[in-house]
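# Architecture at a glance
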Protein chains: 2
Amino acid sequence: MRPVAIVGIGKTAFGAFPDRTLRSLAVEAGEKCLEDAGVSPSQIEAFYLGNFAGPSFVGQNHLAPYIAGSLGLTGVPCTRFEAACASGGSAFFHAVSSVAAGLNDIVLVAGVEKMTSQTTPKVTEILAGAGDMAGEGRAGATFPALFAMIAKRHMYQYGTTREQLAAVAVKNHANGAKNPLAHMRKVITMEQALAGKMISEPLTVFDCSLISDGAAAVVIVPLERASEFTDQPVRILGIAQTSDYVALDAKADITTFWAVQEAAEKAYKMAHVSARDIEFAEVHDCFTIAEIVATEDLGFIKKGEGGPYVLEGRTCLRAERPINASGGLKAKGHPVGATGVGQICDVALQIRGEAGELQLDRHSIGLAQNLGGSGATAVVTVLGGI
Amino acid sequence: MRPVAIVGIGKTAFGAFPDRTLRSLAVEAGEKCLEDAGVSPSQIEAFYLGNFAGPSFVGQNHLAPYIAGSLGLTGVPCTRFEAACASGGSAFFHAVSSVAAGLNDIVLVAGVEKMTSQTTPKVTEILAGAGDMAGEGRAGATFPALFAMIAKRHMYQYGTTREQLAAVAVKNHANGAKNPLAHMRKVITMEQALAGKMISEPLTVFDCSLISDGAAAVVIVPLERASEFTDQPVRILGIAQTSDYVALDAKADITTFWAVQEAAEKAYKMAHVSARDIEFAEVHDCFTIAEIVATEDLGFIKKGEGGPYVLEGRTCLRAERPINASGGLKAKGHPVGATGVGQICDVALQIRGEAGELQLDRHSIGLAQNLGGSGATAVVTVLGGI
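Residues numbered from 1 in each chain as written. Chains lettered and ligands numbered in written order. Predicted model: local features only at pLDDT ≥ 70, side-chain atom pairs only at ≥ 80, totals over all residues.

### Structural notes on the overall build of chain A
Secondary structure summary: chain A contains 14 helices and 11 strands in total. For 386 residues, the compact-globule formula gives about 21 Å, and the C-alpha radius of gyration of chain A, at 19 Å, lands near that figure. The dimensions of chain A, computed from C-alpha atoms along their principal axes, are 55 × 45 × 35 Å. For chain A, the residues scored as buried account for 66% of the 386 residues in total. Residue pairs in contact within chain A that sit at least 24 positions apart in sequence constitute 78% of those at least 6 positions apart. (Helix = DSSP H or I, 4+ residues; strand = E, 2+ residues; numbered from the N terminus. Rg over C-alpha atoms; globule rule 2.2 N^0.38 Å. Buried ≥ 20, exposed ≤ 12 C-beta atoms within 10 Å, placed from the backbone. Contact = placed C-beta atoms within 7 Å.)

### Overview of unusual backbone geometry
All names here are of chain A. That bond from Glu201 to Pro202 is cis: its omega, 10°, falls within 30 degrees of zero. Residue position: Pro202 is located in the loop between strand 5 (198–200) and strand 6 (203–204). For Ala84, which is not glycine, the phi dihedral falls at a positive 55°. Along the chain, Ala84 turns up in the loop between strand 3 (78–82) and helix 4 (87–100). With 30 C-beta atoms counted inside 10 Å, the residue Ala84 sits in the buried group.

### Details of the relation of the copies chain B and chain A
Screw-axis analysis of chain B against chain A gives a translation of 0.0 Å along the axis, an RMSD of 0.0 Å, and a rotation angle of 180°. Taken together, the rotation angle and the small translation identify this as a two-fold axis. (Least-squares fit on C-alpha atoms with pLDDT ≥ 70 in both.)

### Quick notes on the domain arrangement of chain A
Residues and elements named next belong to chain A. Each domain of chain A was delimited in the assignment, giving domain 1 (4–118 + 212–234) and domain 2 (131–210 + 235–384). Tallying the contact residues gives 39 residues for domain 1 and 34 residues for domain 2. Looking at the side of domain 1 that touches domain 2, the elements with two or more residues in it are strand 1 (4–11), helix 4, strand 4 (107–114) and strand 7 (213–222). Per-element accounting of the side of domain 1 that touches domain 2 gives the leading share, 7 residues, to helix 4. By residue class, the composition of the side of domain 1 that touches domain 2 is 25 nonpolar, 11 polar and 3 charged. (Domains from an automatic or database assignment. Nonpolar A, V, L, I, M, F, W, Y, C, P; charged D, E, K, R; others polar.)

### Concerning the nonpolar core
Counting residues in hydrophobic clusters, the biggest one holds 293 residues, and the most contacted among them are Val109, Ala110 and Ile220 of chain A together with Val109, Ala110 and Ile220 of chain B. Those residues in contact with Ile220 of chain B that lie beyond four places of it in its chain are Val4, Ala5, Ile6, Ala95, Val96, Val99, Val107 and Val109 of chain B. (Core = buried A, V, L, I, M, F, W, Y, C linked by C-beta atoms within 7 Å.)

### Section: the packing of helix 4 of chain A against helix 14 (residues 336–351) of chain A
If you want to describe how two helices pack, look at the angle between their axes and the distance between the axes. Residues and elements named next belong to chain A. Helix 14 packs onto helix 4 with a crossing angle of 55° between their chain directions and a minimal axis gap of 5 Å. As far as their axial angle goes, helix 14 and helix 4 are oblique. In this structure, helix 4 contributes Ser87, Gly88, Gly89 and Phe92 to the contact, and helix 14 contributes Val336, Gly337, Ala338, Thr339, Gly340, Val341, Gly342 and Ile344. (Axes fitted to C-alpha atoms, helices over the stretch in contact; angles between N-to-C directions. Parallel < 35°, antiparallel > 145°, perpendicular 65-115°, else oblique.)

### Describing the pairing of strand 10 (residues 365–372) of chain B
Residues and elements named next belong to chain B. For strand 10, the tally of buried residues reaches 8 of 8 residues, placing the bulk of the element in the interior. Residues Ile365, Leu367, Gln369 and Leu371 of strand 10 are buried on one face, and the alternating residues Gly366, Ala368, Asn370 and Gly372, pointing to the opposite face, are buried as well. Taken together, the 8 bridges between strand 10 and strand 11 (residues 377–384) define a ladder with antiparallel strand orientation. When the bridges of strand 11 are listed, Gly372 appears paired with Thr377. (Pairing = 2+ DSSP bridges.)

### Looking at the interface of chain B and chain A
Interfaces are often described in size by the accessible area the parts lose on coming together. The interface is formed by 47 residues belonging to chain B together with 47 residues belonging to chain A. For the side of chain B that touches chain A, the secondary-structure elements that each account for two or more residues are helix 2 (54–58), helix 3 (63–70), strand 3 (78–82), helix 4 (87–100) and strand 8 (234–243) of chain B. Pairing of strand 3 of chain A with strand 3 of chain B involves 3 bridges; the strand directions are antiparallel. Within strand 3 of chain B, the residue paired with Glu82 of chain A across the bridge is Arg80 of chain B.

### Some points on the environment of Thr74 of chain B
Position of Thr74 of chain B relative to the elements: it lies in the loop between helix 3 and strand 3. Judged by local crowding, Thr74 of chain B falls into the buried class, with 22 C-beta atoms found within 10 Å. For the pair Thr74 of chain B and Glu45 of chain B, spaced 29 residues apart in sequence, the C-alpha separation works out to 9.6 Å. Beyond its immediate stretch of four places on either side in the chain, Thr74 of chain B contacts Ser243, Asp244 and Tyr245 of chain A together with Ala68 and Gly69 of chain B.

As structure tokens, then:
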């Protein structure tokens, strides 16, 4: 397998954009990214698109050639990957694999979702399709309910508190407030977070990520060709996608995402690193409890200690291991299909030293963790400077 | 790149199965296929699923791990590929590429769709999402209308007649009547075909493929390992996926699917064959005109001569180059996401000499052509015996 590098990144702002179409968002991210890489559409050998539910959100399917055509890309394989909220990560995983294996040289990966044209109850219903509709869905369990069960169990097993959950929201809002592309640029206090409207006990509105529109894109090439495009290539040191059962009740322990542990182990092995080498990470905080579980499953802290880890401030912007410096799904926004690719862009931006006010002190090796459903799909990527 | 072989195939019957779920169909095909290959779920290194619109048809998304879990597959990459009616072909293309490149050894590919739980108008609306909804869809052009335009233009440019279109239906129904897994096992006459209820002029109900439920699956491995699993491996000699604009009005000539021509050229080149070497083919006859256009675009006959080619009986079961010996989408059925994988199974069955009453005289090299939308995605595969 050949080493692979990111030579271009492009993102739209994440937010609620009533005047924008899904296609225009994806095209904006794609064009920014091609420009960043100095690559013309005719050089692209394959297009990998992450999208969760375009057909349900905006009534358009067959999205890969639909978007590619508007980018001036025809005559190459254009494929949509769907893996719930890990759709973007899955598209990226398959794209990287194809370049590593020598199938392609210059590949464009994009992720996009346009969610805000639907009402919140309808969005919640569409998102529920990423769970087990015959079981969980039939019982009325939407995603806030599923993650509330995970939170309750984590509290029961490990003594995790509502303050610890809220600390995730407070930290991510503080970061998001400094991110010019974030959906919600608003600092919140611990008091506000704790007093939020209850959505599904113990999760308040501040424990839930946002419903957003947005897109992100990257261009990847074999490392040996990276210098043709940039003097700041970002190397994919390790990457893995893996899976688990969709239904929560089929899992051995709902306080652990086994697929994340597996993917992390494989990605670390491929990168020849261990968890302690990871200087910073963008993790999948679809709910605050998910960030706590992620820091444990990725091996940053022992199982059960993710709550104190965040409450003690150890994952803040200027602390030992910053988590979700971008603001995370919580404050940056969560346009589902874009999220996995957006995380890669955010980690790459840090490694390139271009994160502005959010620039971290240590930024030579970072991680992105993208989760689908309640842990049925996981993609973990380790990125580094050269 | 390593040569790749199919070592197991499995299909459900195609039809209308009100008592079956999408998952049970996919699991049936997957289990049949694993049994045919003598492979256990724990040996599978990756799962590639083709599905067009499960979320819209049955309200379930995140289908790859959802189905994989029921097959006993966890801990490996499980990914859904969506490329409209070429979803199955696209999943197969990416799976074959991964084995060829050395990323995986033993891979399960499945395709599934469950359509008949929706009314025909609703199915037509969901299918329309594979076209350009902002243009074609907004103008009320469903797929029968789009292919009617293609047929009218083909008639205008090449003198193609309604009898020639009907000849596709008559032939495919005759073949389907002999296929125990076909949705519609009914011989029709030319008179019946011509007298069919008009759907979108010049296409009658007999010119349109069926709305079906069904699933298909294959196991692929590197050719060098095929003998561990079977004494009848079917080799993938050539394969390509390519794309074009989604909207019909963006194409230079609507009587030609440029993406099919491109994919065929690439697949022939990879297989070191030309069109004349192809002994038989399963082509994407979503409408009768699509089969005529396919025989031209694949180079079996000159552009414009596809109509006489079928009317003269040259593509019948016992003729020079049998097309859609299985009955095609027209009679075998068209469970959208399953179709591309089903075609691969049908070609492989012929090459193995196991096609029963439908067994062809010459069956050493066959082709499968899978089309997405009105030609925005094309996958062409050349298969051969060893």
